[in-house]
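Observations on the three-dimensional arrangement
Okay, here's what each chain looks like letter by letter:
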Amino acid sequence: MKLILLGAPGAGKGTQAEVVCEKLAIPAISTGNILREAMKNETEMGVKAKAYIDSGALVPDDVIISIIKERLAQDDCKNGFILDGVPRTVAQAEALEAMGIEIDKVVDIEVSDETIVKRLSGRRVCSACGASYHTIYKPSAKPDECDRCGGSLIVRKDDEPSTILERLKVYHELTEPLVDFYRARGKLVVVEGQEEVADTTKLLFEKLGV
Ligand code: AP5
Ligand code: ZN
């Protein structure tokens, strides 16, 4: 299955992608994770992307399109994939179509802006392996320590309060139009993402028929 996960920052795309990719045995591809890895390694792309990401802006379409082109050409994508957080503009969605990629379903995870702010301000991520936690909803066993690898948990730079508001603004302006874009193509599935993680997963599996 070839899936896209749409939704505001903090809607739970990464959280759900992890469960879905295990269930369907397909890779989850997050442009956010690819960019953060590039930033950590200080590659040319990482250095260029940092200013955009830290301020809550989108990274330019040409950078994202070349990341996706390269990643989808890899062998593990042959039987399907989940795109988490991409496309995020109409130009990126059109580029996917121009690559001849036939998407099966686009899942829009709907969450209110108020909930988004709560989720992102409590998120903690492992500085070593990238695993994601939440101070209230998904706490680590030991404070500030990753359950998986023992790495230290930090606040993502773009999860600072003023940046969260900027990311939400950018989402409503540039990414939300994709809901209509995919509805018009008959691909859109809407999933209520307001409740607990397991509730969203259940709805998601029902709507995907898996
Ligand atoms: P990216 O990393 O994709 O960030 P995002 O879209 O802002 O999404 P998040 O990772 O913040 O949230 P999520 O929906 O995955 O939620 P999560 O599951 O973590 O992108 C970062 C930046 O990179 C962008 O701002 C941009 O600059 C750049 N970028 C990336 N892709 C791009 C593109 N295509 N084009 C241009 N620029 C691009 O959950 C959030 C928190 O809530 C966690 O703590 C989690 O534990 C908790 N949680 C999740 N679900 C629930 C629930 N149901 N109940 C309670 N808590 C929950
Ligand atoms: Zn870790």
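Along every chain, residues carry numbers that run from 1 in the direction the sequence is written. Lettering of chains starts at A and numbering of ligands starts at 1, both following the order in which they are written. Only residues with pLDDT of 70 or above have their local features reported here, since the model is predicted, and side-chain atom pairs are shown and tallied only from 80 upward, although totals for entire chains, interfaces and linings are computed over all residues. To obtain the side-chain values, all non-hydrogen atoms of the structure were used and water was disregarded.

**Notes on the confidence of the model for the protein**
Considering every residue of the protein, the mean pLDDT works out to 96; 100% of them sit at 70 or more. Interface confidence in the predicted complex, given as ipTM, is 0.96; pTM for the same model is 0.95. On a range of 0 to 100, pLDDT expresses the predictor's confidence in each residue.

**Comments concerning the coordination of the zinc ion (ligand 2)**
Cys126 (SG), Cys129 (SG), Cys146 (SG) and Cys149 (SG) make up the full set of protein donors to the zinc ion (ligand 2), lying at 2.3 to 2.4 Å. Here a donor is an N, O or S atom found within 2.8 Å of the metal, or within 3.2 Å if the metal is Na, K or Ca; sites may look incomplete because water is not among the atoms. Each label reflects the angles at the metal, where four donors whose angles all fall between 85 and 135 degrees are tetrahedral, four or six donors whose opposite pairs open beyond 155 degrees and whose other angles stay between 65 and 115 are square planar or octahedral respectively, and the rest are irregular. Metal-centred angles of 97 to 116 degrees between the 4 donor atoms at the zinc ion (ligand 2) mark the site as tetrahedral. In terms of primary sequence, the donors binding the zinc ion (ligand 2) are separated according to C-x2-C-x16-C-x2-C. Linking Cys126 in strand E5 (residues 123–126) with Cys146 in the loop between strand E6 (132–134) and strand E7 (153–154), this pair joins segments that are 20 residues apart in sequence. Pair check on accessibility: Cys126 and Cys146 agree, each one buried. Secondary structure is summarised from DSSP: a helix means a run of H or I of at least four residues, a strand means a run of E of at least two, and numbering begins at the N terminus for each. Only protein chains enter the accessibility calculation, which uses a 1.4 Å probe; a residue is then buried when its area is under 20% of its type maximum, exposed when over 50%, and partly exposed in between.

**Points about the UniProt feature "binding site: Zn(2+)" (unreviewed entry) in the protein**
UniProt positions are given in the numbering used here, feature names are shortened, and annotations may be inferred rather than shown by experiment. Residues annotated by UniProt as "binding site: Zn(2+)" (unreviewed entry) correspond here to Cys126, Cys129, Cys146 and Cys149. These annotated residues cover 24 residues of sequence, and their C-alpha atoms lie no more than 8.5 Å from one another, placing them together at a single site. Overall, Cys126 belongs to the buried group, its relative accessible area being 4%. Apart from residues no more than four positions distant in its own chain, Cys126 is found in contact with Ala131, Cys146, Cys149, Gly151, Ser152 and Leu153. Owing to a relative accessible area of 3%, Cys146 belongs among the buried residues under this scheme. If we ignore the near neighbours within four places in the chain, the residues touching Cys146 are Cys126, Cys129, Ala131, Tyr133, Gly151 and Leu153. A contact between two residues is defined here by any heavy atoms of the two lying within 4.5 Å.

**Comments concerning the environment of Asp61**
On the secondary structure map, Asp61 appears in helix H4 (residues 61–72). Sequence-wise, Asp61 and Pro139 are 78 residues apart; in three dimensions their C-alpha atoms are separated by 35 Å. Not counting chain neighbours up to four residues away, the residues in contact with Asp61 comprise Thr89, Ala91 and Gln92.

**A word on the site of ligand 1**
We call a residue near a molecule or strand whenever a single non-hydrogen atom of that residue lies within 4 Å of it. Close to ligand 1 lie 34 residues, the nearest being Thr15, Ala57, Arg88, Arg123 and Arg167. Distance and chemistry together define a polar contact, namely a pair of N or O atoms within 3.5 Å, with one atom able to donate a hydrogen and the other to accept it when in protein, and with adjacent residues in sequence counting only for side-chain atoms on both sides. Between ligand 1 and the protein, one listed contact pairs an oxygen atom with a backbone N or O atom of Gly12 at 3.0 Å. Contact between ligand 1 and Thr31: a nitrogen atom at 2.7 Å from a side-chain N or O atom of the residue. Per-residue and other accessible areas were derived by the Shrake-Rupley procedure at a 1.4 Å probe size, with only the shown protein chains allowed to occlude residues. Out of a free accessible area of 1000 Å², ligand 1 has 96% covered by protein chains. Broken down by secondary-structure element, the contributors of at least two residues to the shell around ligand 1 are helix H1 (13–24), helix H2 (31–40), helix H6 (113–122) and E6.

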